[in-house]
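# Structural characterization, general
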Amino acid sequence: SSRSASRRPPTFLLNRSDIISTVEFNYSGELLATGDKGGRVVIFQREQESKNRPLSRGEYNVYSTFQSHEPEFDYLKSLEIEEKINKIRWLPQQNAAHFLLSTNDKTIKLWKISERDKRAEGYNLKDEDGRLRDPFRITTLRVPVLMPMDLMVEASPRRIFANAHTYHINSISVNSDHETYLSADDLRINLWHLEITDRSFNIVDIKPANMEELTEVITAAECHPHQCNVFVYSSSKGTIRLCDMRAAALCDRHSKFFEEPEDPSSRSFFSEIISSISDVKFSHSGRYMMTRDYLSVKVWDLNMENRPVETYQVHEYLRSKLCSLYENDCIFDKFECCWNGSDSAIMTGSYNNFFRMFDRNTRRDITLEASRENSKPRAMLKPRKVCTGGKRKKDEISVDSLDFNKKILHTAWHPKENVIAVAATNNLYIFQDKIN
């Protein structure tokens, strides 16, 4: 099931600013946005199928590119604020224009992406080249007319939400009322109205009075897809809290607390680090949520707090390698996870440009690779297998030869179809079900 679109031509020296840091489909799946470490947002648009090119449906081409954030400097704290885009979230489409929220560590921006294919001509007070006309030479009144022009896609910032986060923003999530959204940093979660930029409401604050008593941080947060008063946030201790904004203005006391009891036999020096949750996502139905920790993906039923209903091992063969992964800092990598449109399958990334897909109904799983060598357009992707010990078979790859610099942290699944986007460092791959 493969078609790949590479985002940039091959470069031998990897430019840090080209590394993709977030991937997100819009609600229809016709647009796909990526953000990178250079503060840029690139939007791809899906090609419409034509009679001349019946197989072109599914191909995504660049629609708009703009600089969302610039590097800044906080003079009070003597800190550089990097331009890297941490998250992008689309708003549901209300008119011909598209809106999205993008954020770096400190500032969230609302962008409007609109098309212009006509321009006004025949002004009374200025010439066609824009120069003002002498009022005494105007003897007749002209009615300006709209003339066709080449299509232009414009991105303009409509709102800037700043100065609300002391710590680095790790999540933004648009609420189901489509009027508010939340933003989370390491210790606080704020609720914003999309029309109001000068104030937000602090709804969670876990900062202790004495910072030496700090034991956990917020790692991700998301609004419920249907109930605008419910949201969840995950922590570095491997727990998830579900809060209800109807209960109190400050949701420091959670409504539900999801935690899996630890198996004492598997406890090690790395247990706390690998249990930290790097991503949390509600299912489209709103009945389940999925969390990703370092080695596994867990699916929780919102009605059952004491343990997950499903656990999928992503790369269990790395458990014996945790020592070296700790030394090269890979153990702190934050992998994301996503649902397919019908909540029947889930996807998450791994190392060596591998990504994993799990079918919840059949409990089958597959490992695929996003790489230039394997991803010729319209070529089928071959399942990959990692050899964990004993004699290596012909098609298997040994654990010791995995490349830990090639990692897939960011993936996205089309909301309605089997089309997926996978970010592998500075390349974006788009795969789809085989077309017969």
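Keep in mind the model is a prediction, meaning the values are calculated, not measured.

## Focus: the overall build of the chain
- When helices and strands are tallied, the chain shows two helices and 31 strands.
- For the chain, the C-alpha radius of gyration of 24 Å lies close to 22 Å, the compact-globule estimate for 436 residues.
- With the principal axes as the frame, the chain shows a C-alpha extent of 90 × 60 × 40 Å.
- Residue pairs at least 24 apart in sequence account for 53% of intrachain contacts in the chain once pairs closer than 6 positions are excluded.
- One way to put it: in the chain the 62 positive side-chain charges average out to a point 5 Å from where the 62 negative ones average out.

## Some thoughts on the pattern of salt bridges
- Summed over all chains, the structure comprises 26 salt bridges.
- Linking D18 and R40 is a salt bridge whose minimum nitrogen-to-oxygen distance equals 2.7 Å. Remark: R40 occurs in strand β3 (residues 40–46) and D18 occurs in the segment before β1 (20–25); sequence separation between them is 22 residues.
- Looking at D18, the relative accessible area reads 12%, which means it is buried.
- The partner of E24 in a salt bridge is R89, and the shortest N-O contact between them spans 3.0 Å.

## Re the sheet that holds strand β30 (residues 419–424)
- A sheet is described by the order of its strands in space; here three strands give the open sequence β29-β30-β31, paired in antiparallel fashion. Of all the strands in the sheet, the pair left with one neighbour each is β29 (410–413) and β31 (427–432). Within the sheet, the average angular offset between the axes of one strand and its neighbour, ignoring direction, is 15 degrees.

## Observations regarding the nonpolar core
- The biggest cluster of nonpolar side chains holds 19 residues, and the ones touching the most others in it are Y294, L318, L325 and L402.
- With residues near it in sequence (within four places) discarded, L325 still touches Y294, L318, C330, I331 and F404.
- Among the nonpolar cores identified, the runner-up in size contains 15 residues, and F355, M357, I420 and F431 belong to it.

## Regarding the confidence of the model for the chain
- Across the chain, the average pLDDT comes to 90, with 94% of residues at or above 70.
- Confidence over residues 1–12 falls short of pLDDT 50; this stretch has 53 contacts with residues more than four positions distant or in other chains.

## Section: the sheet that holds strand β18 (residues 256–258)
- Spatially, the four strands line up as an open sheet ordered β15-β16-β17-β18, and their pairing is antiparallel. Each having just a single partner strand, β15 (218–223) and β18 make up the two edges of the open sheet. Sheet twist, expressed as the mean angle between neighbouring strand axes with direction ignored, is 20 degrees.
- As judged from the five bridges shared by strand β16 (residues 230–235) and strand β17 (residues 240–244), these two strands associate in the antiparallel manner. The partner of F231 across the bridge, within β17, is C243.

## Examining the pairing of strand β12 (residues 180–184)
- Counting buried positions along β12 gives five out of five residues, so the element sits mostly inside the fold.
- Here β12 shows no split at all, with T180, L182 and A184 on one side and Y181 and S183 on the other all buried.
- Relative to β12, strand β11 (residues 171–174) runs antiparallel, the two sharing four bridges. Bridged to S171 within β12 is A184.
- Between the end of β11 and the start of β12, which pair antiparallel, lie five residues, with H178 showing a positive phi angle near 60 degrees.
- As paired strands, β12 and strand β13 (residues 188–193) are joined by five bridges and run antiparallel to one another. What sits directly across from A184, in β13, is I189.
- Taken together, β12 and the strand that follows it, β13, pair antiparallel across an intervening segment of three residues.

## Examining the pairing of β30
- In terms of burial, β30 is largely enclosed, as six of its six residues are buried.
- The side-chain alternation of β30 yields two buried faces, one formed by V419, A421 and A423 and the other by I420, V422 and A424.
- Both β29 and β30 contribute to a ladder of four bridges, which runs antiparallel. Residue pairing across strands places H410 opposite A423, the latter belonging to β30.
- As defined by bridge partners, β30 adjoins β31 across six bridges and the pair is classed as antiparallel. In the strand pairing of β31, V419 is matched with Q432.
- The loop that links β30 with its antiparallel partner β31 comprises two residues; one of these, T425, has a positive phi angle of about 55 degrees.

Criteria and thresholds
- Residues numbered from 1 in each chain as written.
- Predicted model: local features only at pLDDT ≥ 70, side-chain atom pairs only at ≥ 80, totals over all residues.
- Heavy atoms only, no water.
- Helix = DSSP H or I, 4+ residues; strand = E, 2+ residues; numbered from the N terminus.
- Rg over C-alpha atoms; globule rule 2.2 N^0.38 Å.
- Contact = heavy atoms within 4.5 Å.
- Lys, Arg positive; Asp, Glu negative; His and termini not counted.
- Charge placed at Lys NZ, Arg CZ, Asp CG, Glu CD.
- Salt bridge = Lys/Arg side-chain N within 4 Å of Asp/Glu carboxyl O.
- Buried < 20%, exposed > 50% of the residue type's maximum accessible area, 1.4 Å probe, protein only.
- Pairing = 2+ DSSP bridges.
- Axes fitted to C-alpha atoms, helices over the stretch in contact; angles between N-to-C directions.
- Core = buried A, V, L, I, M, F, W, Y, C linked by side-chain atoms within 4.5 Å.
- pLDDT = per-residue confidence, 0-100.

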